[in-house]
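Residues per chain, in single letters:
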Amino acid sequence: MKLEADTHCHTVASGHAYSTILENAKAAKERGLKLIAITDHGPSLPGGPHIYHFGNLKVLPRVIEGVIILRGVEANILDCDGRLDLPERYLKELDIVLAGFHTFCYPGGTVEENTRAIINAIKNPCVDIIVHPGNPEFSIDIEKFVEAAKDYDVAIEINNSSFTVSRRGSEENCLQIAKKAREVGARIAIGSDAHICFDVGNFEKALKIVEVAGIKEENILNVSYLRLIDYLKDKGRDFSFIKKYQEY
Ligand SMILES: [Zn+2]
Ligand SMILES: [Zn+2]
């Protein structure tokens, strides 16, 4: 399976990532990607960018090195109410909003509390993708989570880094999530979660999980960059620039 878009990439702005937007765009071009989302961590993660970073993303060109650049965030879920660490007026201006649990930002709780937190984040109309929900550090009720994602039409991420450098022990949960997603027909997004340009578009391990779970191509958002854009448009995001891009 070939993916046209990477929905999850970090830059130096995250504080613990090592490439620039230009380096990521060049790497994406080399890998044959048509689109990448720049999704640096929300401001509550230690070393993460100040809130102004997100307000100023408007200075980014829409296309760099022939690759469409989405202005995004990987926001932190802060509590059981599913509150995020970026105010709504900022979230609304972005092209894509990812949300998930991160150490230092969310205290962690019982399975019931974590499930409540993640489902409340799903209910936030600004949230497009829930990232790395299989993290064993923050156990959730997988059935309830996937059903809520399906009901509210929020995509579930299968995160490639969860099987390489981060969140050890994620495989089993991710496979279970992927199987449940296939069963109910929930949407999947595959993200590299690259913290350096060499990993942009690296989906190898995540694709294996998706394959084992039997997820169909039609349920994977970023198989086609236009499918991803249509999904984000349906969520009220403004992609009027795309028309201009396609004309030239
Ligand atoms: Zn990170
Ligand atoms: Zn990330």
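Refer to the preceding data block for the structure.
Below, the structure is looked at part by part.

How each quantity is defined
- Residues numbered from 1 in each chain as written.
- Chains lettered and ligands numbered in written order.
- Predicted model: local features only at pLDDT ≥ 70, side-chain atom pairs only at ≥ 80, totals over all residues.
- Heavy atoms only, no water.
- Donors = N, O, S within 2.8 Å, 3.2 Å for Na, K, Ca; no water.
- Tetrahedral: all angles 85-135°; square planar, octahedral: opposite > 155°, others 65-115°.
- Helix = DSSP H or I, 4+ residues; strand = E, 2+ residues; numbered from the N terminus.
- Buried < 20%, exposed > 50% of the residue type's maximum accessible area, 1.4 Å probe, protein only.

**Description of the coordination of the zinc ion (ligand 2)**
Looking at the zinc ion (ligand 2), the protein donor atoms are His8 (NE2), His10 (NE2), Glu74 (OE) and Asp193 (OD), and they sit 2.0 to 2.2 Å from it. Every donor counted, the four donor atoms about the zinc ion (ligand 2) form angles of 84 to 176° at the centre, which fits irregular coordination. Ordering the donors of the zinc ion (ligand 2) by residue number gives the pattern H-x1-H-x63-E-x118-D. For the pair the zinc ion (ligand 2) and the zinc ion (ligand 1), the metal-to-metal distance amounts to 4.6 Å. Taken as a pair, His10 in the loop between β1 (5-9) and α1 (21-30) and Asp193 in the loop between β8 (188-191) and α7 (204-213) lie far apart in primary sequence, 183 residues in all. Both residues of the pair, His10 and Asp193, belong to the buried class.

**So, unusual backbone geometry**
A negative phi angle characterises most non-glycine residues, just as the trans form characterises most peptide bonds. For Glu65, which is not a glycine, the phi torsion comes out positive at approximately 55°. Note that Glu65 resides in the loop between β3 (63-64) and β4 (67-76).

**Describing the coordination of the zinc ion (ligand 1)**
Looking at the zinc ion (ligand 1), one finds its protein donor set to be His16 (NE2), His41 (NE2) and His195 (NE2), positioned 2.0 to 2.1 Å from the metal centre. Written as a sequence motif, the donor residues of the zinc ion (ligand 1) are H-x24-H-x153-H.

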